[in-house]
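Structural overview for review
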Amino acid sequence: MNCRVRFAPSPTGPLHMGGVRTALFNYLFARHNKGTMILRIEDTDQNRYVPGAEEYIMESLAWCGINIDEGIREGGEYGPYKQSVRKEIYRQYADLLINSDWAYYAFDTPEELEGKRQEAEGKSKDQESGLKAQGSGLKAQGSGEGSGQKGGKFAYDSTYRMELRNSLTLPEEEVKRMIAEGEPYVIRFKFPENEEIVMQDLIRGEVRVNTASLDDKVLFKSDGMPTYHLANVVDDYLMKISHVIRGEEWLPSLPLHVMLYKALGWASDMPQFAHLPLILKPSGNGKLSKRDGDKLGFPVFPIEYKSPETGETSSGYRESGYLSEAFINMLALLGWNPGTEQEIFSMDQLVEIFSLERVGKSGSRFDPEKAKNINHQYIQQKTDAELFCVVGGSGDSGDLGDSGDSGDSDDLGDSDDLGNTRSLSGVEGVKVIGLVKERMNFLTDFWDQAYFFFEAPEEYDAKMVKKGWKEGTKERMIQVIQVIEGSGLKAQGSSEGSGLRAQVIETNIKEWIAKEELGMGMIMNPLRLALVGAPKGPGVFDIIEVLGKEETIRRIQQAIKILA
RNA sequence: GGCCCGUUCGUCUAGGGGUUAGGACGCUAGAUUUUCAUUCUAGUAACAGGGGUUCGAUUCCCCUACGGGCUACCA
């Protein structure tokens with residue numbers, strides 16, 4: 001059998017990381033089995049439609065490297081791939097179900113049903129069961145135990161449907177008349193009264209449930225659109241989906257879907273189901289949801305999202321400095337594991353070893369710390385040049401932190417009119433990346449770790465000044481300048497040679513320190529202070545090499561002036 | 001409330017009738033270091049509880065507790 005899977009989001013807003021993971025697992029499964037990955041847009045609820053959401057979803061998947069084989073952009077033999085466009089298809093199946101007595105028309109208004117619900121909840125439990133036994137004369141005996149106990153809750157089900165306004169209770173003429181007159185109605189699935197449904201889930205094994213606990217779901221809405229349930233089953237069948245891989249929140253409606261396949265006569269073509277465990281919030285309760293936005297202190301969306309309604313912007317992993325490969329890797333490990341101790345995987349490797357058997361059953365709390373660590377590892381894996389490209393402006397939104405410059409040129413850091421700002425050529429930029437990357441967790445950390453290569457310090461860390469800039473420091477620094485002068489260090493711009501120069505200056509300064517019998521810290525700390533302004537950054541000699549002789553000396557002189 | 005799913009270190013997880021219950025993140029300590037990080041080494045820490053089954057259960061079964069999902073003319 002051809003392996004065909006689909007990711008079927010509804011365009012009600014941005015996709016959150018849980019959705020991306022579902023898409024990822026579908027994708028990995030499809031690729032692993034040399035199958036087809038389909039993207040279907042489930043927009044049967046026009047009220048919840050959010051403009052731009054589709055584009056957002058596709059852009060997100062593209063960023064993640066989850067490639068679609070068939071979909072609204074890609075086309076395919078089984079299109080269209082958007083349910084609103086397929087609208088005409090569904091009605092005939094609803095009719096089929098009515099004709100075979102698997103479904104019925106229901107005329108109850110939402111208000112009526114709401115009233116029933118309120119009423120039922122208002123009553124105490126014992127009152128309620130008494131009422132129920134009387135209420136439906138047809139089945140008064142059977143429903144008392146086991147089946148009809150809804151515990152103070154009204155449900156449109158086998159115990160109540162005969163008390164409501166539908167084609168099961170109304171005379172046929174009446175039903176015809178109402179429909180002809182344009183009375184609004186829905187079509188509901190008619191669950192058998194008391195039947196054990198046994199289902200197979202690839203992750204959970206056998207799941208069974210009795211139809212007595214199920215209510216008659218709406219399949220077709222009064223606005224002429226199918227509900228998710230009908231559209232989903234019909235489309236999966238028509239699109240020859242072989243495996244339905246979706247979140248666990250769908251498990252409760254699996255019985256409906258399974259029955260639908262049976263009722264439509266498609267039982268032998270029914271896909272296999274796999275319900276993925278949910279991603280939970282790091283702390284507190286519940287599954288991660290779109291509404292969590294930025295409230296939890298980390299992004300829940302793959303890429304930044306601006307709500308067209310509220311104008312509110314929610315951060316994305318991309319803009320927060322995650323590499324998409326790291327994001328994917330992190331997601332893959334949430335609920336799945338390879339069974340080995342390896343945990344860094346490229347997409348290709350994931351495809352290679354992914355299997356549904358190794359997906360866990362229980363929900364997993366998302367841990368932002370772990371995500372950070374994985375991103376850190378990915379950053380270290382990149383070559384300096386690769387990283388330079390991603391960080392340096394050729395990326396989608398090249399800004400590196402909040403330096404205020406909006407430069408998207410190839411240079412890191414734009415020069416402005418102040419003498420204190422410099423720009424570095426690509427080559428130097430790559431070198432800078434090499435020096436700071438090991439202390440970067442996110443791409444966006446770059447500026448914070450490297451700004452001093454571009455801007456001379458204008459103020460100096462107070463603590464460090466107090467600790468390191470003492471009586472004779474000024475004189476020592478003047479001597480340091482002389483040592484540097486004499487070190488044959490070429491001024492910046494003369495492209496020549498490599499790491500040797502840092503070493504040269506290192507030896508010279510160390511020799512000088514030894515000769516003068518000074519302490520290392522006595523020289524190095526003020527030197528760093530002069531060059532960086534703070535107790536941070538790569539080795540001083542490496543910094544000097546990048547800065548070049550002139551700039552280094554200039555900064556030392558400036559520090560002497562300011563700190564004297 | 002009802003129905004369904006689940007439960008191994010704080011978190012993600014491996015494992016599986018007899019193990020020193022393994023790894024990763026985090027945390028702590030030490031080493032490296034001219035700073036901050038990184039890195040390295042070590043340490044910390046778990047089978048939810050109660051019943052069975054069994055020579056033996058963390059592993060299999062049942063119950064309880066806890067967690068999660070669903071319970072719309074939303075997906």
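Model, not experiment: these values are computed from the prediction.

1. Some remarks on the overall build of chain A
Counting secondary structure elements, chain A contains 20 helices and 13 strands. In chain A, the share of contacts with a sequence separation of at least 24, taken over all contacts with a separation of at least 6, comes to 72%. As displayed, chain A has an accessible area near 26300 Å², and 48% of this comes from carbon and sulfur atoms.

2. Notes on the protein's contact with RNA strand B
Taken together, the neighbourhood of RNA strand B is formed by 64 residues, with R204, N285, E343, K370 and R439 sitting nearest. Between E438 and RNA strand B, the recorded distance is 3.3 Å, taken from a side-chain N or O atom to a base nitrogen. Within the backbone of P535, one N or O atom sits 2.6 Å away from a sugar or linking oxygen of RNA strand B. The set of elements that each furnish at least two residues to the surface near RNA strand B consists of α4 (110-122), β4 (186-189), β6 (205-210), β13 (364-365), α11 (368-381), α18 (520-531) and α19 (540-547).

3. What to know about the sheet that holds β4
Strand order in this open sheet of 3 strands is β3-β4-β7, and the pairing throughout is antiparallel. Only two strands of the sheet have a single neighbouring strand rather than two, namely β3 (103-106) and β7 (218-220). With strand direction ignored, the average angle separating the axes of adjacent strands in the sheet is 45°. The sheet strands contacting helix α8 (residues 254-263) are β4 and β7, and the helix crosses β4 at an angle near 95°.

4. Overview of the nonpolar core
Formed by 110 residues in total, the largest nonpolar core has its most connected members in I66, M330, F453 and I556. Top contributing element to this core by residue count: helix α1 (residues 17-32), with 9 residues. Those residues in contact with I66 that sit more than four places away from it in its chain are V20, A23, L24, Y27, M37, L61, I328 and M347. Counting 41 residues, the second-largest nonpolar core is a separate cluster that includes Y90, A103, V175 and A231.

5. Notes on helix α3 (residues 87-99)
Residues Y90, Y93, A94, L97 and I98 constitute the buried set of α3. Viewed end-on, α3 has its buried residues packed into an arc of 145°, placing them on one side of the element. Those residues of α3 that are exposed and aimed more than 90 degrees away from the buried face are E88 and N99. Against the buried residues of α3 lie β3, β4, β7, α7 (228-238) and α8. Two residues or fewer past α3, D101 is found with a positive phi of approximately 65°.

6. Topic: the pairing of strand β8 (residues 243-247)
Across the 5 residues that make up β8, a large majority, 5, are buried. Sheet analysis places β8 next to strand β9 (residues 272-276), joined by 5 bridges and oriented parallel. Residue V244 lies in a different strand from β9, and its bridge partner there is F273.

The rules behind the values
- Residues numbered from 1 in each chain as written.
- Chains lettered and ligands numbered in written order.
- Predicted model: local features only at pLDDT ≥ 70, side-chain atom pairs only at ≥ 80, totals over all residues.
- Heavy atoms only, no water.
- Helix = DSSP H or I, 4+ residues; strand = E, 2+ residues; numbered from the N terminus.
- Contact = heavy atoms within 4.5 Å.
- Areas by Shrake-Rupley, 256 points an atom, 1.4 Å probe, with all protein chains shown as cover.
- Near = heavy atom within 4 Å.
- Polar contact = N/O pair within 3.5 Å; in protein donor to acceptor, adjacent residues only side chain to side chain.
- Pairing = 2+ DSSP bridges.
- Axes fitted to C-alpha atoms, helices over the stretch in contact; angles between N-to-C directions.
- Core = buried A, V, L, I, M, F, W, Y, C linked by side-chain atoms within 4.5 Å.
- Buried < 20%, exposed > 50% of the residue type's maximum accessible area, 1.4 Å probe, protein only.
- Arc of directions from axis to C-beta.

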